[in-house]
Amino acid sequence: FDVSEQHAGNGANTTVTDGGKGLDLIVSSSNEIQIAAPPYDVRNTPIGKGSFSGFGDEAFLRVKQQLASSPASGGNYFVTVWLQVQAPTGIAPLTSNAWTYLPTLAIGKGWGDFDIQTTVGAVLPASDVAKLGDQIQTNVAFQYHLMKVFWPEFEVNWTYYVDGQRGGLNQVFLTPGLVIGRFKLADGIMFTTGVGYQVAVSPNYRPSPLTPAYSNAWVFTSRLNF
């Protein structure tokens, strides 16, 4: 379960609840299926422009395949690919009106208490590409394990808009954060929580098309593992 409090350069404030998280089912030693709930947005816009709330497009299904891995006692790494499918189920102000496919490659490597995790993926709408545009998205997270339950981290998110209304633009966010866990709640049930603050550092604010998508955001996360 995730919550993000986003503040855009045009004065709009948006609370995004959940954002595609849901139930992860490990169906074999190397396969995982995620069944996700739709995000729920509450947006407050500047005076005179109105406010609204409702569900956004649902990235409802993700199929994940682990290609290689080694535990901490060995090489301490993983290589994984997944494909996520997003349906245009959101309300009118929030939907893209297009089915969207999100293929992703994820790699992680640990050295003792320090690790790096990175993803490289694409956002590929099946229609209205001239407006929505294809995207390349990358994320790099640097984590350190401290005092058994603390995981201070720093993330870099980079998006390149290949085409569409933002074609040729880049968007970069920096996110310092802290993850705390795992805590044992009961036999076989663990709890993890975290908080981060996200800041857009590129490009300079432009109102149309709105870029970056927002200027800063608080991000809160929690997990139940069983």
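Predicted model, so just to flag it, every value in this text is computed and none were measured.

Next up on the list: the overall build of the protein. When you go through the protein residue by residue, the secondary structure sums to 1 helix and 17 strands. The buried share of the protein, reckoned over its 226 residues, is 35%. Per element, the accessible surface of the protein, about 12400 Å² overall, is 62% carbon and sulfur. For the protein, the distance from the average site of its 13 positive side-chain charges to the average site of its 16 negative ones is 3 Å.

Attention shifts here to the pattern of salt bridges. Working definition: two side chains of opposite charge can pair if their charged atoms are close together. What the rule picks out here adds up to 3 salt bridges. Arg62 serves as the salt-bridge partner of Glu32, at 3.8 Å between the closest nitrogen and oxygen. A residue pair is termed long-range when its members are at least 10 positions apart, and Glu32 in strand S4 (residues 31-36) and Arg62 in strand S7 (residues 58-70) qualify at 30 residues. Each member of the pair Glu32 and Arg62 is classed as buried.

Our focus in this paragraph is the pairing of strand S17 (residues 216-225). The pairing of strand S1 (residues 2-7) with S17 spans 6 bridges and is antiparallel. In the strand pairing of S17, Ser4 is matched with Val219. Taken together, the 10 bridges between strand S14 (residues 189-202) and S17 define a ladder with antiparallel strand orientation. Its bridge partner lying in S17, Thr193 is registered against Ser222.

What follows deals with the packing of aromatic side chains. All chains considered together, the criterion is met by 7 aromatic pairs. Summarising the aromatic geometry, the rings of Trp158 and Tyr160 are spaced 6.2 Å apart at their centres and angled 15° between planes, so their arrangement reads as stacked. Relative to Phe220, the ring of Trp218 lies with its centre 6.4 Å away and its plane at 20°, an arrangement referred to as stacked. Every member of this aromatic cluster is reached through a ring pair, and the members are Tyr197, Trp218 and Phe220. In this structure, Arg62 packs its charged tip against the face of Trp82, placed 4.7 Å from the ring centre.

What counts and what doesn't
Residues numbered from 1 in each chain as written. Predicted model: local features only at pLDDT ≥ 70, side-chain atom pairs only at ≥ 80, totals over all residues. Heavy atoms only, no water. Helix = DSSP H or I, 4+ residues; strand = E, 2+ residues; numbered from the N terminus. Buried < 20%, exposed > 50% of the residue type's maximum accessible area, 1.4 Å probe, protein only. Areas by Shrake-Rupley, 256 points an atom, 1.4 Å probe, with all protein chains shown as cover. Lys, Arg positive; Asp, Glu negative; His and termini not counted. Charge placed at Lys NZ, Arg CZ, Asp CG, Glu CD. Salt bridge = Lys/Arg side-chain N within 4 Å of Asp/Glu carboxyl O. Pairing = 2+ DSSP bridges. Phe/Tyr/Trp six-rings, centres within 6.5 Å; stacked < 30°, edge-to-face > 60°. Lys NZ or Arg CZ within 6 Å of the ring centre and 35° of its normal.

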